[in-house]
Amino acid sequence: MTAAQLLKFLVEYQGEEEGSTVADAEAIMHKVLRRRHHMGQRLAFTLDDFIDFLFQDDLNGPINPQKHIKCSS
């Protein structure tokens, strides 16, 4: 997955703002790759890298953690 593809995913499926840029996606990718591989040389996600990104709360947390959902009927 390239940075442009990650940006498309973030905007279309995760509701990121339309003003987000490829540079923003690249910064996220660098953080994930440094954590997983202790390097940031390549800038493409493998499937494992992408799945790891999905489960990192600090990079991919809830959209609004302060929002409470009423569960009463």
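Along each chain, residue indices are assigned from 1 in the same order as the chain's sequence is written. For a predicted model such as this one, the threshold for reporting local features is a pLDDT of at least 70, and the threshold for listing and counting side-chain atom pairs is 80 or more; totals across whole chains, interfaces and linings nevertheless cover every residue. Computation of side-chain values: all heavy atoms of the structure, hydrogens and water removed.

A. Inspection of the nonpolar core at higher detail. In this structure, L6, F45 and F53 are the most contacted members of the largest nonpolar core, which totals 15 residues. Counting only elements with at least two residues in this core, the list comes to α1 (3-14), α2 (22-37) and α3 (47-54). Labels follow the DSSP assignment, with helices taken as runs of H or I lasting at least four residues and strands as runs of E lasting at least two, numbered in each case from the N terminus. The element best represented in this core is α1, accounting for six residues. When near neighbours in sequence (up to four residues on either side) are disregarded, F53 contacts L6, F9, L10, Q14, I28, V32, F45, L59 and N60. The set of buried Ala, Val, Leu, Ile, Met, Phe, Trp, Tyr and Cys residues whose side-chain atoms join them within 4.5 Å is what this entry labels a nonpolar core. Categorising residues by exposure relies on relative accessible area from a 1.4 Å probe, with only protein chains included: less than 20% of the type maximum marks a residue as buried, more than 50% marks it as exposed, and the intermediate range marks it as partly exposed. Any two residues whose heavy atoms approach within 4.5 Å at even a single point are treated as in contact.

B. Seen up close, the packing of α2 against α3. Between N-to-C directions, angles span 0 to 180 degrees; the directions come from axes that are lines fitted to C-alpha atoms, helices contributing only their stretch in contact. Put simply, α2 and α3 touch, their axes get as near as 10 Å, and they point 105° apart. As judged from the angle between their axes, α2 and α3 are roughly perpendicular. Contact residues: I28, V32, L33, R36 and H37 in α2; D48, D49, D52 and F53 in α3. Looking at the contact of α2 with α3 residue by residue, the class counts come to four nonpolar, one polar and four charged. Here is the rule for angles: anything less than 35 degrees is roughly parallel, anything more than 145 is roughly antiparallel, 65 through 115 is roughly perpendicular, and the remaining ranges are oblique. Just so you know the grouping, Ala, Val, Leu, Ile, Met, Phe, Trp, Tyr, Cys and Pro go in nonpolar, Asp, Glu, Lys and Arg go in charged, and all remaining residues, Gly too, go in polar.

C. Structural context of a nonpolar patch on the surface. Among the surface-exposed residues, L47, I51, L54 and F55 lie close enough to one another that they form a single nonpolar patch of about 420 Å² accessible area. For L54, the position within the fold is in helix α3. A relative accessible area of 30% places L54 in the partly exposed class. Only residues whose relative accessible area exceeds 30% and that form no salt bridge enter a patch; like-charged residues are grouped when within 9 Å of one another, and nonpolar side chains (Val, Leu, Ile, Met, Phe, Trp, Tyr) when within 5 Å. Values of accessible area rely on a 1.4 Å probe in the Shrake-Rupley scheme; residue burial ignores everything except the protein chains shown. What makes a salt bridge here is a side-chain nitrogen of Lys or Arg within 4 Å of a carboxyl oxygen of Asp or Glu, nothing more.

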